[in-house]
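Overview (structure and organization)
So you can see what is in the structure, the chains are spelled out below.
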Amino acid sequence: MVGARLHGARDMRIENVPSPAEPGPGEVTLAVGTVGICGSDLHTYTDGRLGETILKSPVIPGHEFAGVIQRVGTGAVDGTGRALAVGARVCVDPAQACGKCDLCQKGHPNLCRKLRFCGLWPDDGAMCQYINVPGDTCFVMPDSIDFAQGPLLETLGVALHTVDLAKVRVGQSVAIIGAGPIGLCILQVLRLTGAGPIYIADKLASRCELARRWTDSVIDCSVEDPVKHLDRATGGQGVDIAIEAAWADSSIQQAAEMLRPGGRLVLVGIPGDDRLQLKHSTARRKGLDIRMVRRMKHVYPRAIQLVQEGKIDLRPLLSHRFPLARAAEAFELNAAYRDGAIKVILDVRE
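Below is a short write-up of the structure.

How each quantity is defined
- Residues numbered from 1 in each chain as written.
- Predicted model: local features only at pLDDT ≥ 70, side-chain atom pairs only at ≥ 80, totals over all residues.
- Heavy atoms only, no water.
- Helix = DSSP H or I, 4+ residues; strand = E, 2+ residues; numbered from the N terminus.
- Rg over C-alpha atoms; globule rule 2.2 N^0.38 Å.
- Buried < 20%, exposed > 50% of the residue type's maximum accessible area, 1.4 Å probe, protein only.
- Contact = heavy atoms within 4.5 Å.
- Areas by Shrake-Rupley, 256 points an atom, 1.4 Å probe, with all protein chains shown as cover.
- 1 Å grid on protein atoms, 1.4 Å probe; cavity = no way out; pocket = protein on both sides within 12 Å on 5 of 7 lines; lining within 4 Å.
- Points joined across faces, edges and corners; volume = space filled by probe spheres on them.
- Nonpolar A, V, L, I, M, F, W, Y, C, P; charged D, E, K, R; others polar.
- Phe/Tyr/Trp six-rings, centres within 6.5 Å; stacked < 30°, edge-to-face > 60°.
- Lys NZ or Arg CZ within 6 Å of the ring centre and 35° of its normal.
- Pairing = 2+ DSSP bridges.
- Axes fitted to C-alpha atoms, helices over the stretch in contact; angles between N-to-C directions.
- Salt bridge = Lys/Arg side-chain N within 4 Å of Asp/Glu carboxyl O.

**Digging into the overall build of the protein chain**
Per the secondary structure count, the protein chain includes 10 helices and 19 strands. Relative to its length of 350 residues, the protein chain is compact, with a C-alpha radius of gyration of 20 Å against a globular reference of 20 Å. Dimensions of the protein chain, computed from the C-alpha atoms along their principal axes, are close to 60 × 40 × 35 Å. Put simply, the protein chain has 350 residues, and 54% of those count as buried. Partitioning the contacts of the protein chain with sequence separation of at least 6, the portion at a separation of at least 24 is 71%. Counting every atom, the protein chain has about 15,000 Å² of accessible surface; 48% of that belongs to carbon and sulfur.

Take a look at the structure:
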């Protein structure tokens with residue numbers, strides 16, 4: 001079969017790769033339909049690593065994906081416990097938890113001590129024609145959700161987990177730094193909670209323009225200082241919750257400065273240099289509650305339901321679509337944020 005393999009920083013090659021074996025007990029084989037490019041994929045593409053995970057040999061990227069079941073191993077059930085069948089259209093949770101360690105047993109599979117993750121070295125991902133995955137990481141998509149939206153259900157899942165950790169109450173004020181796919185999904189979810197006002201900031205004008213679909217309180221960081229803007233907007237009081245979903249550099253400090261004393265700082269973004277930049281005095285003197293987002297847990301059914309019911313709109317986030325053969329071009333465009341890139345997907349069927 002054909003797959004896109006990353007051999008090193010900015011070294012993406014389309015190659016013939018081994019097809020998956022027959023699915024084992026509890027597994028299924030998927031014909032991959034679509035795959036999204038995520039910010040964490042871009043880190044590995046541009047830097048040859050993600051945090052402490054260094055690319056030591058070629059790997060097939062891709063963890064936001066949807067496909068059609070081609071083969072079913074014995075006893076394979078989906079994430080809700082229902083039997084899977086050939087022909088089912090599914091989205092996939094790329095995190096494969098062991099289910100047996102202490103953290104899995106306590107209900108935290110996203111913190112599994114033996115976690116395997118599609119597309120993160122050394123585990124291959126979904127930028128290929130076929131892939132074997134555990135059945136219980138699959139969730140059947142209703143007909144109203146097409147393959148273009150399928151990869152964004154994983155993005156929405158991260159947003160839901162972020163809002164869960166933020167413990168938002170009706171009427172609380174929130175600031176989001178980063179109007180990329182996750183930030184825009186967080187913005188839409190927050191609107192459903194009754195939070196407000198909701199501010200969102202980004203340094204890319206095209207993303208600010210898209211954010212205006214869901215809030216009038218948009219801050220273009222290329223034009224004005226977001227901290228000063230929030231200070232004026234709140235009369236110097238600060239917001240109750242600040243969510244960093246951007247570049248995780250000076251943006252973390254900015255988010256902390258936007259908060260009122262006793263506020264909650266929720267960190268989603270992954271810093272390129274693997275360092276958290278935050279003045280100790282800011283966090284200490286304000287007595288901030290700091291929460292780190294590690295992917296998501298138990299959210300896929302909710303994500304599907306919200307999209308199916310029209311409460312979350314994923315389509316405006318889909319900015320570019322490429323065939324698998326143009327994966328390198330897609331990554332280069334996304335890494336440079338050219339041409340108004342928001343969510344770039346690869347259509348493996350083309």
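There's plenty left to go through after this.
**Section: helix α1 (residues 39-47)**
The set of residues buried in α1 consists of Ser40, Asp41, Leu42, His43, Thr44 and Tyr45. Against β1 (2-8), β2 (11-16), β3 (27-36), β4 (49-50) and α10 (327-335) lie the buried residues of α1. Positive backbone phi, approximately 70°, marks Gly48, located one or two places after α1.

**Regarding the layout of surface pockets**
For the second largest pocket, the calculated volume is near 520 Å³. In terms of lining residues, the second largest pocket is bounded by 25 residues, among which Asp93, Ala95, Pro109, Asp136 and Thr137 are the most central. Residue classes in the lining of the second largest pocket are distributed as 12 nonpolar, eight polar and five charged.

**Here's the deal with the packing of aromatic side chains**
A complete count under the given rule lists two aromatic pairs for this structure. Seen from their ring centres, Tyr45 and Phe331 are 5.0 Å apart, and the 40° between their planes marks the pair as tilted. Here Tyr45 is found in helix α1, whereas its partner Phe331 is found in helix α10, with 286 residues between them in sequence. For Phe331, a relative accessible area of 1% puts it in the buried group. Ring centres of Phe139 and Tyr300 lie 4.9 Å apart, and the angle between their planes is 10°; this geometry places the pair in the stacked category. Of this pair, Phe139 sits in strand β11 (residues 138-140) while Tyr300 sits in helix α9 (residues 300-308), and the two are 161 residues apart along the sequence. Accessibility classification places Phe139 together with Tyr300 in one group, the buried group. The ring of Phe147 is capped by Arg89, whose NZ or CZ atom sits 5.0 Å from the centre of that ring.

**Some details on the sheet that holds strand β16 (residues 259-267)**
The six strands lie next to each other as β14-β13-β12-β15-β16-β17, forming an open sheet whose pairing is parallel. One side of each edge strand has no neighbouring strand; the edge strands of this open sheet are β14 (218-220) and β17 (289-292). Direction aside, the axes of adjacent strands within the sheet are offset by 15° on average. Set on the sheet, helix α3 (residues 152-166) makes contact with β15 (239-244), β16 and β17; between it and β16 the angle comes to about 150°.

**Focus on the pattern of salt bridges**
Across all of its chains, the model carries 20 salt bridges by this definition. One salt bridge connects Glu154 with Arg295, and the closest N-O pair in it is separated by 2.7 Å. Of this pair, Glu154 sits in helix α3 while Arg295 sits in the loop between β17 and α9, placing them 141 residues apart in sequence. Arg295 shares its class with Glu154; the two are buried. For Arg264, the salt bridge identified is with Asp289, shortest N-O distance 2.9 Å. Taken as a pair, Arg264 in strand β16 and Asp289 in strand β17 lie far apart in primary sequence, 25 residues in all. For Arg264, a relative accessible area of 19% translates into the label buried. A network of salt bridges, in which partner residues are shared, links Asp93, Glu154 and Arg295.

**A few points about the pairing of strand β7 (residues 89-92)**
Along β7, one buried face is formed by Arg89 and Cys91 and the opposite face, lined by Val90 and Val92, is buried too. Of the strand pairs in this sheet, strand β6 (residues 64-72) and β7 are connected by three bridges, and their pairing is antiparallel. Pairing of Gly67 across the sheet is with Val90, part of β7. With three bridges joining them, β7 and β11 adopt antiparallel strand pairing. Across the sheet, Val90 pairs through a bridge with Val140, a residue of β11.

**Topic: the environment of Ala76**
Considering the arrangement of structural elements, one finds Ala76 in the loop between β6 and β7. We classify Ala76 as buried; its relative accessible area is 6%. For the pair Ala76 and Gly135, spaced 59 residues apart in the sequence, the C-alpha separation amounts to 5.2 Å. In this view, Ala76 contacts Gly26, Glu27, Val28, Arg82, Ala83 and Leu84; residues no more than four positions away in its chain are not counted.

**Section: the environment of Arg338**
Tracing the backbone through its elements, the reader meets Arg338 in the loop between α10 and β19 (343-347). Taking the C-alpha atoms as reference, Arg338 lies 28 Å from Lys228; in sequence the two are 110 residues apart.

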